[in-house]
Amino acid sequence: MPDSRPRRPDDNAPDSADAATTDPAPALVLSGARLADGRAVDVRLGGSRIEAVGTAGSLTSRGPRIDLRGYLLLPAPAEPHAHGDTALTADADGPGPASHRSEDIQRRATEAALLQLGHGATALRAHVRIGDVQGLAALEAVLQARRALRGLADLTAVAVPRLLTGVAGAEGLALLRDAVKMGAAVVGGCPDLDPDPTGYTAAVLEVAAEHGCPVDLHTDGDDPARLARLAAMAGGLRPGVALGPCAGLAHLPLETAGRAADQLAAAGITVVCLPQGGCTGSERRTTAPVRLLRSAGVRVAAGSGALRDTANPVGRGDPLEAAYLLASQHGLRAEHAYAMVSATARAALGLPDVRVEAGFPAELLAVRGERLSAALSLAYSRIVIHRGRVVARTSAVREYCDSEPDPAAGPDLPRQGRPDSGGGPGS
């Protein structure tokens, strides 16, 4: 039966309300960090904000300090397209499908969000299927994961009904309204799977208008007429409409794809592409034509999509890998590729902008490296900061076995060993 319980106040609270439920972080100084523009700086964090930015060595504090020499300090990424209910199901033990018990979905959704937080994503949008035999159980499980993650990461749920039109869609429409009451912050779905895609889109937009919710729809984007109708219907909707992964646009004739891009830009619709592969229900392994969309003025963010589920059993859910693929395979400059997983992704989620400047939110990622291009190439060691405090660390150490130097082979190999260790491997 549909769960029509009223929305819990803490299920869909804005960031400021969430912050009020956690203890304020003590003042923290990040010293000697390198910014993307090359400056070496100290950054002082107070509460959930950046208090001050000064030249390296200029800021003092009685509170804790973190030495970030050798690290690049960046605005934290955000994940605009995850699947909380299906994540990690490719790792299920034993034969048969993964468990759909609420406690198992909650465990997997929490673990998946923590994996992505470790990569640097301090805010995530998770699409969750509703209806069929499960009703709202999967959504309730993901909302429980949201509550468990409070203070570590901000997780938002998107309600994704299967059908919304005809006799079969009546229950889905009722469930979608109940899902918003329960705490789904975004209404979504896949119009391509409904017998009446236009009617499906109209139903989603109606519910979104009733509750003042954003819209986030799955579509392949390979039908220009359908995409044009969607853009016309959704244009100007506030707080906004996102579409993804739109990989089918890459298979259209260039002129047709260009017209579609112009229509999306005119409607103010955000496209969320998935450079790391498709997601549940998508068979395409290509990516939306990012450069074409950007040149038309479409706001394009990049998400991860499947995280080790049947659609992509080796999905990493790593925003920096998405940025790396955008730079290496689509020819974007490193700063533009990273912006698609950080600034643009945050804008797609309706979150405030983040800059390493005083007064901005303390949502930061420190990555070992001196330049952004190097960080995207070898981003192993990371420190993640959410609301002014460190919430995740990843430290990578590479060791090489020792070898006897050969004087005839030219200059010695660089050694990592400590002076008193006899030239052994580093640590």
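It should be noted that the structure appears before, not after, this text.
So, here is what we can say about the structure in this document.

Rules used throughout
Residues numbered from 1 in each chain as written. Predicted model: local features only at pLDDT ≥ 70, side-chain atom pairs only at ≥ 80, totals over all residues. Heavy atoms only, no water. Helix = DSSP H or I, 4+ residues; strand = E, 2+ residues; numbered from the N terminus. Buried < 20%, exposed > 50% of the residue type's maximum accessible area, 1.4 Å probe, protein only. Contact = heavy atoms within 4.5 Å. Areas by Shrake-Rupley, 256 points an atom, 1.4 Å probe, with all protein chains shown as cover. Pairing = 2+ DSSP bridges. Axes fitted to C-alpha atoms, helices over the stretch in contact; angles between N-to-C directions. Salt bridge = Lys/Arg side-chain N within 4 Å of Asp/Glu carboxyl O. Parallel < 35°, antiparallel > 145°, perpendicular 65-115°, else oblique. Nonpolar A, V, L, I, M, F, W, Y, C, P; charged D, E, K, R; others polar. Core = buried A, V, L, I, M, F, W, Y, C linked by side-chain atoms within 4.5 Å. Expected span 1.5 Å × (residues − 1).

Re the overall build of the protein
- A count of helices and strands for the protein gives 12 helices and 16 strands.
- Residue burial in the protein is summarised as follows: out of 427 residues, 52% are buried.
- For the protein, long-range pairs separated by at least 24 residues make up 73% of all intrachain contacts whose partners lie at least 6 apart in sequence.
- Summing over all exposed atoms, the protein offers an accessible surface of approximately 18,900 Å²; the carbon and sulfur share of this is 53%.

Some details on the sheet that holds strand S6 (residues 79–82)
- Spatial ordering of the open sheet is given by S6-S7-S8-S9-S10-S11-S12-S13, a layout of 8 strands whose pairing is parallel. Each of the sheet's edge strands pairs with one partner strand only, and the pair in question is S6 and strand S13 (300–302). If you compare each strand with its neighbour and ignore which way they point, the axes differ by 25° on average.
- Pairing between strand S7 (residues 123–130) and strand S8 (residues 154–161): 8 bridges, direction parallel.

Some words on the pattern of salt bridges
- Under the definition given, this model contains 21 salt bridges.
- For arginine 65, the salt bridge identified is with aspartate 42, shortest N-O distance 4.0 Å. Taken together, the positions of arginine 65 in strand S4 (residues 65–67) and aspartate 42 in strand S2 (residues 40–46) put the pair 23 residues apart, joining distant regions of the chain.
- Note that arginine 316 is salt-bridged to glutamate 321, the shortest N-O span being 3.5 Å.
- Given the relative accessible area of 19%, glutamate 321 is considered buried.

Points about the packing of helix H6 (residues 224–234) against helix H7 (residues 254–267)
- Where H6 meets H7, the axes come as close as 9 Å, and the angle between the chain directions of the two elements is 10°. Comparing the axis directions of H6 and H7 gives the class roughly parallel. Across the interface between the two elements, Pro224, Leu227, Ala228 and Ala231 of H6 pack against Thr256, Ala260, Gln263, Leu264 and Ala267 of H7.
- In terms of residue class, the contact of H6 with H7 is built from 7 nonpolar, 2 polar and no charged.

Some remarks on unusual backbone geometry
- Cis geometry is adopted by the peptide bond preceding proline 239, which originates at arginine 238 and carries an omega value of 15°.
- In this model, glycine 244 is joined to proline 245 through a cis peptide bond whose omega is 0°.
- Positionally, proline 245 belongs in strand S11 (residues 241–245).
- Positive phi, close to 50°, is recorded for arginine 308, a residue that is not glycine.
- With respect to the helices and strands, arginine 308 occurs in the loop between S13 and helix H9 (319–330).
- Although it is not a glycine, arginine 387 sits at a positive phi angle of roughly 55°.
- Take arginine 387: it is sitting in the loop between strand S15 (382–386) and strand S16 (389–394).
- Residue classification places arginine 387 among the buried residues on the basis of a relative accessible area of 10%.

Some thoughts on the pairing of strand S3 (residues 49–55)
- Across 6 bridges, S2 lies against S3 in antiparallel orientation. Its bridge partner lying in S3, valine 43 is registered against valine 53.
- The turn joining S2 and S3, which pair antiparallel and follow one another in sequence, is formed by 2 residues; a positive phi near 65° is taken by glycine 47.

Notes on the nonpolar core
- Judged by nonpolar contacts, the single largest core of 82 residues is most densely connected at Leu139, Val215, Leu243, Leu264, Ile269 and Leu293.
- Core analysis: the next-biggest nonpolar cluster, separate from the first, contains 19 residues, Leu30, Leu35, Val354 and Ala366 among them.

Quick word on H7
- Spanning 14 residues, H7 covers 20 Å between terminal C-alpha atoms, matching the ideal 20 Å at 1.5 Å per step.
- Those residues of H7 lying buried are Thr256, Ala257, Gly258, Ala260, Ala261, Leu264 and Ala267.
- Packing partners of the buried residues in H7 comprise H6, S11, strand S12 (270–273) and helix H8 (290–295).
- In the segment just after H7, glycine 268 is the residue with positive phi, at about 70°.

Details of the side chain of arginine 125
- Tracing the chain through its elements places arginine 125 in strand S7.
- Other than its neighbours up to four places away in sequence, arginine 125 contacts Glu79, Pro80, His81, Ala82, Thr156, Val158, Val186, Pro214, Asp216, Ala242, Ala348 and Leu349.

Purely spatial values, then, with no claim about function.
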